[in-house]
Amino acid sequence: MSDISNLIEEDSDNDGEAMTAAEVLQKLEEAWLNEKFAPDLLENKSDIVDCMMDQLQEMENNIKLAKRGDFKVSLHRMEIDRIRFIISSYLRRRLEKVERFAVCVLEAEEKRDDEEASRLTPEEHQYAKDYQESVEMHMKNLALRHMPPNSQKMDPNLTTIRPNVDSYVFLKVNKHQEGVLVEEESSDAGEEVLDLVKGDQHIIRYRPISSLVENGSVTLM
Amino acid sequence: MFGEKALELIRELQRSGENSLPPYNEDGVRQVLEEMLSLFEQNQKDVSDTVAGQTGLFAGVQLRHSALERNKRCVMAYLYNRLQHIRKLRWEFGSVLPQEIKYNMSEQEVQWFNKYNKCLANYMRSLGEGGLDLTQDIKPPKSLYIEVRCQMDHGEFETQDGSVIILKKNSQHFLLRSECEHLVRQGILEHIVH
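Throughout, residues of each chain are indexed from 1 in the direction in which the sequence is written. Here every chain gets a letter starting at A, and every ligand a number starting at 1, in the order they are written. Local features are withheld for residues below a pLDDT of 70 in this predicted model, meaning they are given only at 70 or higher, and side-chain atom pairs are given and counted only at 80 or more; totals for whole chains, interfaces and linings count all residues. In computing side-chain properties, one takes all heavy atoms of the structure into account and sets aside hydrogens as well as water.

Right, let's talk about the interface of chain A and chain B for a bit. Of the residues lining the interface, 39 residues belong to chain A; the matching set on chain B comes to 45 residues. What gets called buried area is simply the loss in accessible area from a 1.4 Å probe that two parts show on being joined, summed for both. Here chain A meets chain B over a buried area of about 3,900 Å², counting both sides, of which 70% is carbon and sulfur. Taken as a group, A:Arg92, A:His138 and A:Leu142 account for 15% of the area that chain A buries against chain B, more than any other trio of residues on that side. The salt bridge definition used is simple: a Lys or Arg side-chain nitrogen within 4 Å of an Asp or Glu carboxyl oxygen. Linking chain A to chain B there are two salt bridges. For B:Arg87, the salt bridge goes to A:Glu99, with nearest N and O atoms at 2.3 Å. As used in this structure description, the phrase polar contact means that two N or O atoms lie within 3.5 Å; if the pair is within protein, one of them must be able to donate a hydrogen and the other to accept it, and residues adjacent in sequence are counted only when both atoms belong to side chains. Where chain A packs against chain B, one counts seven residue pairs in polar contact (both at pLDDT 80 or more). At the level of secondary structure, the elements contributing two or more residues to the side of chain A that touches chain B comprise α3 (46–65), α4 (71–100) and α6 (122–142) of chain A. The helix count covers DSSP runs of H or I at least four residues long, the strand count covers runs of E at least two residues long, and both are numbered beginning at the N terminus. Of the residues forming the side of chain A that touches chain B, the biggest block, 13 residues, is contributed by α4(A). Under the convention adopted here, Pro, Cys and the residues Ala, Val, Leu, Ile, Met, Phe, Trp and Tyr are nonpolar, Asp, Glu, Lys and Arg are charged, and Gly plus all remaining residues are polar. Class assignment for the residues of the side of chain A that touches chain B results in 19 nonpolar, seven polar and 13 charged. Contacts between residues were defined by any pair of non-hydrogen atoms, one from each residue, lying within 4.5 Å.

All right, on to a negative patch on the surface then. Patch rule: a residue counts if its relative accessible area is over 30% and it has no salt bridge; like charges are joined within 9 Å, and nonpolar side chains (Val, Leu, Ile, Met, Phe, Trp, Tyr) within 5 Å. For accessible areas, the Shrake-Rupley method is used with a probe of radius 1.4 Å. Any residue's cover is judged against the shown protein chains and nothing else. We treat Lys and Arg as the positive residues and Asp and Glu as the negative residues; His and chain ends play no part in the count. Lysine's charge is taken at NZ, arginine's at CZ, aspartate's at CG and glutamate's at CD. Residues A:Asp47, A:Asp50, A:Asp54, A:Glu123 and B:Glu129 make up a contiguous surface patch of negative charge. For the negative patch, the element with the highest residue contribution is α3(A), accounting for three residues. Here A:Asp54 lies in helix α3. Throughout this description, buried means an accessible area under 20% of the type-specific maximum (1.4 Å probe, protein chains only), exposed means over 50%, and partly exposed covers the range between. With relative accessibility at 43%, the residue A:Asp54 sits in the partly exposed group.

In this section: the confidence of the model for chain B. When pLDDT drops low, the exact placement of atoms in the prediction is not to be read closely. Residues and elements named next belong to chain B. Values of pLDDT, which run from 0 to 100, indicate the predictor's confidence residue by residue. Summing up the model confidence of chain B, the mean pLDDT is 85 and the portion of residues at 70 or higher is 100%. Helix α5 (residues 107–125) holds the highest mean pLDDT among the elements of chain B, 91, whereas helix α6 (residues 177–186) holds the lowest, 79. The ipTM, which scores confidence in the relative placement of chains, is 0.82 for this predicted complex, and the corresponding pTM is 0.83.

All names here are of chain A. Relative orientation of the contacting elements helix α5 (residues 102–111) and α6 amounts to 130°, with a least axis distance of 10 Å. Relative to α6, α5 is oriented oblique. Here α5 runs over α6; the crossing is left-handed. Here Ala-102, Val-103, Leu-106 and Glu-109 of α5 come into contact with α6, specifically with His-125, Ala-128, Lys-129, Tyr-131 and Gln-132. To get an axis, fit a line to the C-alpha atoms, keeping to the stretch in contact for a helix; angles then go from 0 to 180 degrees between the N-to-C directions. Angle categories: roughly parallel below 35 degrees, roughly antiparallel above 145, roughly perpendicular from 65 to 115, and oblique for all the rest. Handedness of a helix crossing follows the sense of rotation of the near helix relative to the far helix, less than a right angle counterclockwise being left-handed and clockwise being right-handed.

The next thing to look at is the sheet that holds strand β3 (residues 168–173) of chain A. Residue and element names in this part refer to chain A. The sheet built from three strands is open, its strands ordered β6-β3-β7 with antiparallel pairing. Looking at strand neighbours, the two that pair on one side only are β6 (201–205) and β7 (218–220), the edges of this open sheet. The average angle at which neighbouring strand axes cross in this sheet is 40°, direction not considered. Any two strands with at least two DSSP bridges between them are considered paired. The pairing of β3 with β7 spans three bridges and is antiparallel. Directly across from Lys-172, in β7, lies its bridge partner Thr-219. Against the sheet, helix α2 (residues 21–37) makes contact with β3 and β7, and its axis sits at roughly 65° relative to β7, the strand it touches most. Contacting β3, β6 and β7, helix α8 (residues 206–215) crosses the sheet at an angle of about 120° to β6.

So, in structure tokens, the structure goes:
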């Protein structure tokens, strides 16, 4: 990673905080793994992605300046390939979720107040709208239009695909957390509360720990 | 038996498996829709008869209503699963589909494919400066250069550093992975693993 820092002249500024390229890459990897294993769409990290893409562009420019046949060029090319793969994989996984849960995602966007940050980037939002519209038009034209009058609407309760927030995930604890509520109080069992010690690994349902993933106290693996 | 034609549609999809898209069964879908219309008309007639005082028709109405719902569900599932398959084709083959596959799609499906293409292209173009092609780099890069063998004549190929390579059938080359990945996916080059 020191190779990248050598190639890059200036520090990358992220929200006024100067982070080295290495730290941005670390954050990108975490975001990538979390997005990969979480059943639901997470907050978008477009600042990290944009920053990394700028770095990639700079690295490509710097390589062009280097002498041909210089050994360092191969190493940097590999680094560029790897970073590009991580970014592509991250964005692909997000796009896959946006497509699958398009109806849900658009619903959530409608309900959101203005102060709350959106989980979608504006481009993803546009993509969700276009995709949903194209699927609906297709169904309407090919089938719904020709059905008897009572059946011409698609019932959202029956057709919407919702993320399975109760699926199990593996996680690793980054920050010590006391008293995480895992099971609500019910008639069979009392409420189950867990203490998360730093460095521990657990397998647990996604729903109780989703907020911890968002604030970085745990990472999915 | 009500709903049999609809089940046929689903079975057709299941039989063809993961890898191939069967031809669009226009007749099948049309028959299911016709069955739905006739069920609905019979139901309407029974409902007006019941209002007029006849009894004992409720069971029939319920049965036909269930058949209607089932037919609707099967048709929607058939169409939706085909769309998912076509979407997968975009990620595998790129924006131009081979003629044999296009032959199996109905005209509306081809239109949907073009729309999906446009959606995706707009999104990819908006990423970073000058866009990022998300359909490349599907697998993690194991090595920088890969050894490939040409499966067919493909003419000249210019590499990143300017040298021109002639891709003749059965010739072997050592190329940058990022440059020839799309040719490997299309089947023009074959990745040789030692």
